[in-house]
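Listed below are the residues making up each chain.
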Amino acid sequence: MNEEIRNLLNRAREVAVSATETAGQALNAAGRKANAIWDLARCNLQLNDIRGEIDRLLRELGSMVYRTHVRPDTPSDDLPRKLSELDGLYARLAEIEKELEELKIKQLCPVCGCGYDKQDAFCRSCGHAMGGRTGPSADN
């Protein structure tokens, strides 16, 4: 085979391998981005569900309290259990809000899709320069 053709085929193979690697990296980045979007959506759905449960429970508690006001002889044995349930819902709500805040702080590198913090100047995985600080001159 002619040397020029061999060189051309080798170069074409190198380009194909490079394109395949780049496409793989892009797919990985897209997958990470999709996972991050899913995590945000999941947290928001959980928040809405818990807030709905809190509203329902507060209505029940309000009705119970009012019934004991109108009819003092009305038993309110269920009140402590419902209040404890409400405490648990508020604790879970706080956990999910914290998780959501942490997810919002975390950004994804547009090159490799790995997570980084907003204050990072460079991606910790691939070294891509981020939109934030860019080195010592940013401190001045």
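These lines cover the structure that appears in this document, whether it is placed above or below.

This part takes up the overall build of the protein. The helix and strand inventory of the protein stands at two helices and two strands. Scanning the protein from its N terminus toward the C terminus, one meets helices and strands in the order α-α-β-β. If you line up the protein on its principal axes, its C-alpha atoms span 105 × 45 × 15 Å. Residues counted as buried form 17% of the 140 residues belonging to the protein. A separation of at least 24 residues holds for 44% of the contacts in the protein among residues at least 6 apart in sequence. Between the mean site of the 20 positive side-chain charges and the mean site of the 22 negative ones, the protein shows a separation of 2 Å.

Quantified by volume, the largest pocket comes out at close to 240 Å³. What lines the largest pocket is simply Arg 32, Lys 33, Asn 35, Ala 36, Ile 37, Asp 39, Leu 40, Leu 103, Lys 104, Lys 106, Gln 107 and Leu 108. For the lining of the largest pocket, the secondary-structure elements that each account for two or more residues are α1 (3–70), α2 (79–105) and β1 (106–108). When residues in the lining of the largest pocket are grouped by element, the largest group, seven residues, is from α1. Here the residues of the lining of the largest pocket are counted per class, giving five nonpolar, two polar and five charged.

Moving on to the nonpolar core. Counting twelve residues, the largest nonpolar core is built from Cys 43, Leu 47, Ile 50, Ile 54, Leu 57, Leu 61, Met 64, Leu 86, Leu 89, Leu 93, Ile 96 and Leu 100. Counting residues per element, the ones that place at least two in this core are α1 and α2. Top element by residues in this core is α1. It accounts for seven residues. Other than its neighbours up to four places away in sequence, Cys 43 contacts Ile 96, Glu 99, Leu 100 and Leu 103. Ranked by size, the runner-up nonpolar core spans six residues in total, among them Cys 109, Cys 112, Cys 123 and Met 130.

Another point: the pattern of salt bridges. Under the definition given, this model contains twelve salt bridges. Linking Asp 39 and Arg 42 is a salt bridge whose minimum nitrogen-to-oxygen distance equals 3.8 Å. In this pair, Asp 39 and Arg 42 are both assigned in helix α1, three residues apart and thus about one turn of the helix distant. According to the relative accessible area criterion, Arg 42 is partly exposed, its value standing at 23%. What you see here is one network of salt bridges that share partners, running through Glu 53, Arg 56, Glu 60, Asp 78, Arg 81, Lys 82 and Glu 85.

By secondary structure assignment, the location of Asn 2 is in the segment before α1. From its side chain, Asn 2 meets the backbone nitrogen of Glu 4 in a polar contact 3.0 Å long.

As a further point, take the environment of Glu 97. Within the fold, Glu 97 resides in helix α2. Owing to a relative accessible area of 36%, Glu 97 belongs among the partly exposed residues under this scheme. It is 9.6 Å that separates the C-alpha atoms of Glu 97 and Gln 46, two residues lying 51 residues apart in sequence. With near-sequence residues (within four places) excluded, Glu 97 lies in contact with Leu 47 and Arg 51.

Calculation notes
- Residues numbered from 1 in each chain as written.
- Predicted model: local features only at pLDDT ≥ 70, side-chain atom pairs only at ≥ 80, totals over all residues.
- Heavy atoms only, no water.
- Helix = DSSP H or I, 4+ residues; strand = E, 2+ residues; numbered from the N terminus.
- Buried < 20%, exposed > 50% of the residue type's maximum accessible area, 1.4 Å probe, protein only.
- Contact = heavy atoms within 4.5 Å.
- Lys, Arg positive; Asp, Glu negative; His and termini not counted.
- Charge placed at Lys NZ, Arg CZ, Asp CG, Glu CD.
- 1 Å grid on protein atoms, 1.4 Å probe; cavity = no way out; pocket = protein on both sides within 12 Å on 5 of 7 lines; lining within 4 Å.
- Points joined across faces, edges and corners; volume = space filled by probe spheres on them.
- Nonpolar A, V, L, I, M, F, W, Y, C, P; charged D, E, K, R; others polar.
- Core = buried A, V, L, I, M, F, W, Y, C linked by side-chain atoms within 4.5 Å.
- Salt bridge = Lys/Arg side-chain N within 4 Å of Asp/Glu carboxyl O.
- Polar contact = N/O pair within 3.5 Å; in protein donor to acceptor, adjacent residues only side chain to side chain.

The analysis is restricted to geometry; functional conclusions fall outside its scope.
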